[in-house]
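Chain by chain, the residues run as shown.
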Amino acid sequence: MEPLEEAAPEGLAPAEIEAAVSVARRVADNIRRAVEVRDNVIQHVMVAMLAEGHILVEDYPGVGKTALARALSRSIDCQFARVQCTADLLPADIVGTNVYNQREARFEFRPGPIFANVVIVDEVNRASPKTQSGLLECMQERHVTVDAMSHELARPFLVFATQNPVEYEGTYPLPEAQVDRFMVRLSLGYPDAGAEAIMLAGHESGDRVLDLEPVTDRAEVVDAVETAHRVHASRALRDYIVALLRRTREDDRVELGASPRAGLMLLRAAKARALVSGRDHALPDDVQALAEPVLSHRLMLAPEAAGVTREEIVRDAIAAVPAL
Ligand SMILES: Nc1ncnc2c1ncn2[C@@H]1O[C@H](COP(=O)(O)OP(=O)(O)O)[C@@H](O)[C@H]1O
Ligand SMILES: [Mg+2]
């Protein structure tokens, strides 16, 4: 097996690594000023930002999902948009539409909110399946086709979708194929007593998220994203990811295991985590730290797998596959 830390083909300069670490640190610190949230949740948000992945936050009402998304979007000096999903939201309300310009006697494209850099899609499971698929398709493709004309989306482009747990009435749970398009799924959980008290105290002076100022801009984020692409991943590390994916597919308790797309996203996420940690190469530790938030939402459990969670399946795969 090749050594883990072989030389990167095109090494990253220390200044490039520093710049990316600094962007992630400023954004993370800024979010923490307004939202009480566990450190690993913020780390996963930073990973998704640098790996150009989309984020699905799934949790009960009132735990700060929308606040977290707004805090992230305010931290980057860029265009952001928020879409509140309802059953009558149409695909065109998200992607945009061609409107007729009387004076010039021609149609012109009026872009929808998906053309912003950071797009909060709140309560995505309240949108109809047709609207969900319109949204998720352009998330993946990074362009929009309306009346046979294609329009590129902005860069950076980050969708931050929230959803309440699926047992709520009048919702359309995202199908597996759609959920697969999110790089990470996070849940926030309830804050501990100390953090909750701090939150209450902070709120007495108004909405803390509205007080946040941008701490970085589009160009810095795009540079950091490009640096993350160039983080080195050894052949052995890629083989490790493949072995983890295969393990989830072979597990008897799993009906549908992790897809090849899941593996690509895990690799990209691991590289971004390496960069955020100040390294020019990804390690098994990066893969292990991200396997749960990146893989678990894509697994479909077998009907006979009563009592086991998808997170446990991922943890078992990590325990079963030797890490290089
Ligand atoms: N963890 C948290 N940190 C900071 N504020 C929070 C947190 N949880 C809830 N809040 C505050 O409570 C209110 C509801 O939060 P919100 O983000 O809208 O919840 P959700 O989107 O999960 O239903 C907001 O005013 C928000 O600022
Ligand atoms: Mg909300």
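Calculation criteria
- Residues numbered from 1 in each chain as written.
- Chains lettered and ligands numbered in written order.
- Predicted model: local features only at pLDDT ≥ 70, side-chain atom pairs only at ≥ 80, totals over all residues.
- Heavy atoms only, no water.
- Pairing = 2+ DSSP bridges.
- Helix = DSSP H or I, 4+ residues; strand = E, 2+ residues; numbered from the N terminus.
- Disulfide = S-S within 2.5 Å.
- Phe/Tyr/Trp six-rings, centres within 6.5 Å; stacked < 30°, edge-to-face > 60°.
- Buried < 20%, exposed > 50% of the residue type's maximum accessible area, 1.4 Å probe, protein only.
- Near = heavy atom within 4 Å.
- Polar contact = N/O pair within 3.5 Å; in protein donor to acceptor, adjacent residues only side chain to side chain.
- Areas by Shrake-Rupley, 256 points an atom, 1.4 Å probe, with all protein chains shown as cover.
- Nonpolar A, V, L, I, M, F, W, Y, C, P; charged D, E, K, R; others polar.

A. How the structure looks around the pairing of strand S4 (residues 96-101). Pairing of S4 with strand S5 (residues 106-111), which is carried by six bridges, proceeds in the antiparallel orientation. The residue bridging Val99 from the neighbouring strand is Glu108, located in S5. Hairpin connection, S4 to S5: the antiparallel pair is bridged by four residues, and Ala105 has positive phi, about 55°.

B. Region of the structure containing the state of the cysteines. A full pass over the atoms with the stated rule returns zero disulfides. There is no disulfide at Cys78, and the cysteine sulfur nearest it, in Cys138, is 17 Å away. Cys138 supplies the cysteine sulfur nearest to Cys85, a cysteine that is in no disulfide, at a spacing of 12 Å.

C. Spotlight on the packing of aromatic side chains. For the coordinates displayed, the defined rule picks out two aromatic pairs. Aromatic side chains Tyr100 and Phe107 sit 5.1 Å apart centroid to centroid with 65° between the ring planes, which places their arrangement in the edge-to-face category. Its relative accessible area of 45% is what places Tyr100 among the partly exposed residues. Ring geometry for Phe109 versus Phe115: centroids 5.6 Å apart, planes at 70°, classification edge-to-face.

D. Looking closely at the site of ligand 1. Among the 14 residues in the neighbourhood of ligand 1, the closest are listed as Glu36, Gly62, Lys65, Thr66 and Ala67. Residue Val63 places a main-chain N or O atom 3.1 Å away from a nitrogen atom belonging to ligand 1. Within the complex, 76% of the 550 Å² of free accessible area of ligand 1 lies under protein. Broken down by secondary-structure element, the contributors of at least two residues to the shell around ligand 1 are helix H3 (65-75) and helix H7 (193-203). Among the elements that make up the shell around ligand 1, the one with the highest residue count is H3 (three residues). Among the residues forming the shell around ligand 1, the class breakdown is seven nonpolar, four polar and three charged.

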